[in-house]
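# Results of the structural survey
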Amino acid sequence: MTETLNTYRAGPDENGHFGIYGGRYVAETLTPLLREVEEAYETAKADPAFRAEFNNLMTHYVGRPSPLYFASRITEHCGGAKVYFKRDELNHTGAHKINNTLGQVLLARRMGKTRIIAETGAGQHGVATATICALFGIPCVVYMGAVDIERQKPNVFRMKLLGAEVVPVSSGSSTLKDAMNGALRDWVAHVDDTFYVIGTVAGPHPYPAMVRDFQSVIGIETREQIMAAEGRLPDTLVACIGGGSNAMGLFHPFLDDDGIRVIGVEAAGDGIDTDRHAASLSGGSPGVLHGNRTYLLQDDDGQIAEAHSISAGLDYPGIGPEHAWLHDSGRVEYVSATDTDALDAFQLCCKLEGIIPALEPAHALAHVLRIAPDLPSDHILIMNMCGRGDKDVFSVADALGVEI
Amino acid sequence: MSRLEARFAALRAEGRGGLVTFVTAGDPNIELSVEILAGLPAAGADVIELGMPFTDPMADGPAIELASGRALAAGQNMVRTLAMVAAFRKTDNETPIVLMGYYNPIYAYGPEKFAADAGSAGVDGMIIVDLPPEEEAEFSIPARAAGIDMIRLVAPTTTDERITTLVENASGFVYYVSVRGITGTSSAAVSDIASNVARIRKQTDLPIAVGFGIRTPSQAADVAEVADAAVVGTAIVEQVADALDDHGVPAGDVIGNTLGYVSQLAEAVRSARDGNAL
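Along each chain, residues carry numbers from 1 onward, in the same order as the chain's sequence is written. Both sets of labels track the order of writing: A upward for chains, 1 upward for ligands. Local features in a predicted model are, by the rule used here, given only for residues with pLDDT of at least 70; side-chain atom pairs are given and counted only at 80 or more, and totals for whole chains, interfaces and linings are based on all residues. Here the side-chain values reflect all heavy atoms present in the structure, with hydrogen atoms and water set aside.

Okay, the overall build of chain B next. Strands are runs of DSSP state E lasting at least 2 residues, helices are runs of H or I lasting at least 4, and numbering of each runs from the N terminus. Assigned secondary structure in chain B consists of twelve helices and nine strands. Our radius of gyration is a C-alpha quantity, and the globule rule it is checked against amounts to 2.2 Å times the number of residues to the power 0.38. Against the globule reference of 19 Å for 278 residues, chain B gives a C-alpha radius of gyration of 17 Å, in line with a compact fold. Taken over the C-alpha atoms alone, chain B extends approximately 45 × 45 × 35 Å along its principal axes. Expressed as a percentage of contacts within chain B between residues at least 6 apart in sequence, the contacts between residues at least 24 apart total 72%. Contacts between residues were defined by any pair of non-hydrogen atoms, one from each residue, lying within 4.5 Å.

This part covers a nonpolar patch on the surface. What goes into a patch is any residue over 30% in relative accessible area without a salt bridge, connected to like charges within 9 Å or, for nonpolar side chains (Val, Leu, Ile, Met, Phe, Trp, Tyr), within 5 Å. Per-residue and other accessible areas were derived by the Shrake-Rupley procedure at a 1.4 Å probe size, with only the shown protein chains allowed to occlude residues. Basic side-chain nitrogens of Lys or Arg form a salt bridge, by our definition, when they fall within 4 Å of a carboxyl oxygen of Asp or Glu. On the surface, A:Phe394, A:Leu400, A:Val402 and A:Ile404 cluster together into a nonpolar patch covering about 420 Å² of accessible area. Structurally, A:Phe394 is set in helix 16 (residues 393–399).

Okay, the pattern of salt bridges next. Evaluated as defined, the whole model comprises 45 salt bridges over all chains. For A:Glu221, the salt bridge identified is with A:Lys86, shortest N-O distance 2.7 Å. Within this pair, whereas A:Glu221 is found in helix 10 (residues 217–230), its partner A:Lys86 is found in strand 4 (residues 82–86), the two being separated by 135 residues in sequence. Grouping residues by exposure puts A:Glu221 and A:Lys86 together as buried. B:Asp56 serves as the salt-bridge partner of A:Lys177, at 2.8 Å between the closest nitrogen and oxygen. One end of the pair, A:Lys177, is in helix 8 (residues 176–189); the other, B:Asp56, is in the loop between strand 2 (47–51) and helix 3 (62–73), on a second chain. Relative accessible area decides the class of each residue, using a 1.4 Å probe on protein chains only: under 20% of the type maximum gives buried, over 50% gives exposed, and in between gives partly exposed. For A:Lys177, a relative accessible area of 3% gives the class buried.

Right, let's talk about the packing of helix 9 (residues 207–215) of chain A against helix 10 of chain A for a bit. Residues and elements named next belong to chain A. With axes taken as lines fitted to C-alpha atoms, and helix axes fitted only over the stretch in contact, angles between N-to-C directions fall between 0 and 180 degrees. Look at helix 9 against helix 10: their axes get within 5 Å of each other, and the N-to-C directions meet at 35°. Between helix 9 and helix 10, the contacting residues are Asp213, Phe214 and Gln215 on the first element and Val217, Ile218 and Gly219 on the second. In terms of residue class, the contact of helix 9 with helix 10 is built from three nonpolar, two polar and one charged. As a working rule, the residues Ala, Val, Leu, Ile, Met, Phe, Trp, Tyr, Cys and Pro are called nonpolar, Asp, Glu, Lys and Arg charged, and the rest polar, with Gly in that last group.

Assignment of secondary structure puts B:Thr55 in the loop between strand 2 and helix 3. A residue is classified by how much of its surface remains accessible, and B:Thr55, at 22% relative accessible area, is partly exposed. Measuring from C-alpha to C-alpha, the distance between B:Thr55 and B:Pro105 comes to 9.7 Å, with 50 residues separating the pair along the chain. In contact with B:Thr55, not counting residues within four places along its chain, are A:Lys177, A:Gln303, A:Ile304, B:Glu65 and B:Leu72. Polar contact criterion, stated in full: a pair of N or O atoms within 3.5 Å, where within protein one must be able to donate a hydrogen and the other to accept it, and residues adjacent in sequence count only if both atoms are side-chain atoms. Engagement of the side chain of B:Thr55 in a polar contact is seen with the backbone nitrogen of A:Ile304, the distance being 2.9 Å.

On to the nonpolar core. Definition used in this section: a nonpolar core is a set of buried Ala, Val, Leu, Ile, Met, Phe, Trp, Tyr and Cys residues joined via side-chain atoms within 4.5 Å. Counting residues in each nonpolar core, the largest one holds 119 residues, and the members touching the most others are A:Phe195 and B:Tyr175. With seven residues, the single largest contributor to this core is helix 8 of chain A. If you look at the next biggest cluster of nonpolar residues, it comprises 69 residues, including B:Ala121, B:Leu131, B:Val174 and B:Val240.

Residues and elements named next belong to chain B. Among the residues of helix 6 (residues 111–121), Pro111, Phe114, Ala115, Ala118 and Ala121 are the ones counted as buried. Seen from one end, helix 6 has its buried residues packed into an arc of 135°, which puts them on one side. With respect to the buried face of helix 6, the exposed residues turned more than 90 degrees away are Glu112 and Ser120. Lining the buried residues of helix 6 we find helix 4 (78–89), strand 3 (97–101), helix 5 (103–109), strand 4 (125–128) and helix 7 (137–145). A positive backbone phi angle near 105° is found at Gly122, which sits one or two residues after helix 6. By construction, the arc corresponds to the directions joining the helix axis to the C-beta atoms.

With that out of the way, let us pick up the interface of chain B and chain A. Taken together, the contact between chain B and chain A spans 35 residues of the former and 36 residues of the latter. Contact between chain B and chain A buries roughly 2800 Å² in total, counting both sides, with carbon and sulfur atoms accounting for 49%. Summed over the shared surface of chain B and chain A, the number is six salt bridges. Among the salt bridges present, the one from A:Asp192 reaches B:Arg180, with a minimum N-O distance of 2.8 Å. Scanning the region where chain B abuts chain A turns up 22 residue pairs in polar contact (both at pLDDT 80 or more). Only helix 3, helix 5, strand 6 (152–154) and helix 8 (160–168) of chain B provide two or more residues apiece to the side of chain B that touches chain A. Note: buried area is the sum, over both parts, of the accessible area (probe 1.4 Å) each one loses when the two are combined.

To continue, consider the packing of aromatic side chains. Pairing of aromatic side chains here covers Phe, Tyr and the six-membered ring of Trp, requires ring centres within 6.5 Å, and sorts the geometry by plane angle: under 30 degrees stacked, over 60 edge-to-face, intermediate tilted. Throughout the structure, instances matching the rule amount to 17 aromatic pairs over all chains. Judged by centre distance (6.2 Å) and plane angle (5°), the rings of A:Tyr25 and B:Tyr103 are stacked. With one member in each of two chains, A:Tyr25 in strand 2 (residues 21–25) and B:Tyr103 in helix 5 form a pair that bridges those chains. Like A:Tyr25, the residue B:Tyr103 is buried in the burial classification.

All names here are of chain A. Within strand 5 (residues 115–120), six of the six residues are buried, which leaves it mostly tucked inside the rest of the structure. What you see with strand 5 is no split at all: Arg115, Ile117 and Glu119 on one side and Ile116, Ala118 and Thr120 on the other are buried throughout. When strand 5 meets strand 8 (residues 194–197), the two strands line up parallel, connected through four bridges. Paired with Ala118 across the strands is Val197, a residue of strand 8. Between the parallel pair strand 5 and strand 6 (residues 140–145), the chain is carried across by helix 5 (residues 124–136), and the sense of this crossover is right-handed. At least two DSSP bridges between two strands are required for those strands to pair. Orient the strands so they point away from the viewer; a crossover is then right-handed if the path from the first strand over the helix to the second runs clockwise.

Written as structure tokens, this is what we have:
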């Protein structure tokens, strides 16, 4: 069925479409603003001074490149493929999110914007945005679902320490999608001075492409690092997917390499066959939300369903439009892992590797643990360890019935 | 002549601006919502905007979002919204009804099927907040074929160049969103509204309705003096909410509250240009 394309890296088209996905489904008030962001981004991308400033801070502030680490004990445990972790959890602020917030805040400054807003689920994107805003002394307002505020208290406090205002959103399911509604409502009311830093490869054009570009540093570094370590490209890439920015960052530079198997892992919550999961591709259908057409969790009437995952960062009923397109085109496989799978992987990673992973990449690891044992010992598998789990220890303790 | 054309022509002949009233279909429950809709023309609504409830109304403030939530909880869906319009049309074949909402429920229904069903139910126009001209072809082509006007929104941030694109295939009327923000929050100065209406008027002969931030009878009257119609939404929806208890159950006179407020708005709008004439 699937037709092989010459390239999977050419999108989006000039209107922001990846096949039928993406686009710019926004209220008229925001249209001029999005064009402004798009033009500014195109100019910045081509400007050596912008790239130099970005690269300099990526090196000296974020701490890139992040290591590519051979996870010998996980490898030994699985008894199959050689498992590598791309250590994006070692970035400043503890996740891949800062790659993107640095890029977008630099762009906002170039555009003369004096106020930054963001949405956050797990709080990682909020912390990464607040961090860069602190670095440049720009006021920062972060919208966060009231439920997420409760389960991610350490990150809420971090954002406040960094000088950000955290605005609780208590509509809908009070999680990431509602936080995004809150941020969009703020933006439409403050179009002149405010820049909206979207945290994932979703939203209206140009965000999905722009966030992908900033996150692609993950895959670009990985190519160089695996060539240095193994003298060849990997056989399999695995990353977790909520909106899908860490996965897109790792995958995109490899999409045109034939023979590399690329796997995205969605959050299956209590299971795809229940109504409590966050797997838009495996358990959803195409629709339009938050400025783009993509796969969504929804009912027959087109009402958006609530997503469920133990991981606040994956608790979103949609997914980036480029993932939707890669799914339909068959280039990337999308699978899922349940809360229980993720919790098991989380604990195993702590014990075997001395790495406390975030619950988000614990989903990716759960799938690695499923497939690695059956792969040959010369098979190179790279998983994106996109965040550290310090923020999750309370949720995990709670799930395991441990009182801290 | 379409119902919208006829209505705006009649308003012009009367020498007054019109009142466009917004209510959410299914709010506070299906039965009362049907009654509210039926009573709007007699209360003085010249054009009815009927909100299609959606879980994630990103351009709306809390009042309309809560109304959406009440309607969905009461079991409202797209099929029922069209059935409400069809039932209304049995007794009123003149008052234009414009459906307002977000694209996803239409996309889930099937854009072509929705256009056909809306046309046969007696819907006159569509305002889809998150469906700009660049993305609308899959819906607008079947909608126009079904005799439905695609109402375009113009915002304060819209450039003159962009207005040209927006009015190109517009019909029915043009909706000027008078504030930078969501529904039911701030209000724009009448002078600001007037200059923006003039800016749009340069590029189209279509009637111009102005909405967002118009709450009181006097504000509605002021706007109806400088535009072809004033749209009131949040303030009407709040009348519904005010007659409910904390659980959203009717505790007061929902119909009387709501239609009574619409009458006050209508009276103010109708007397607006009398003052000018004197």
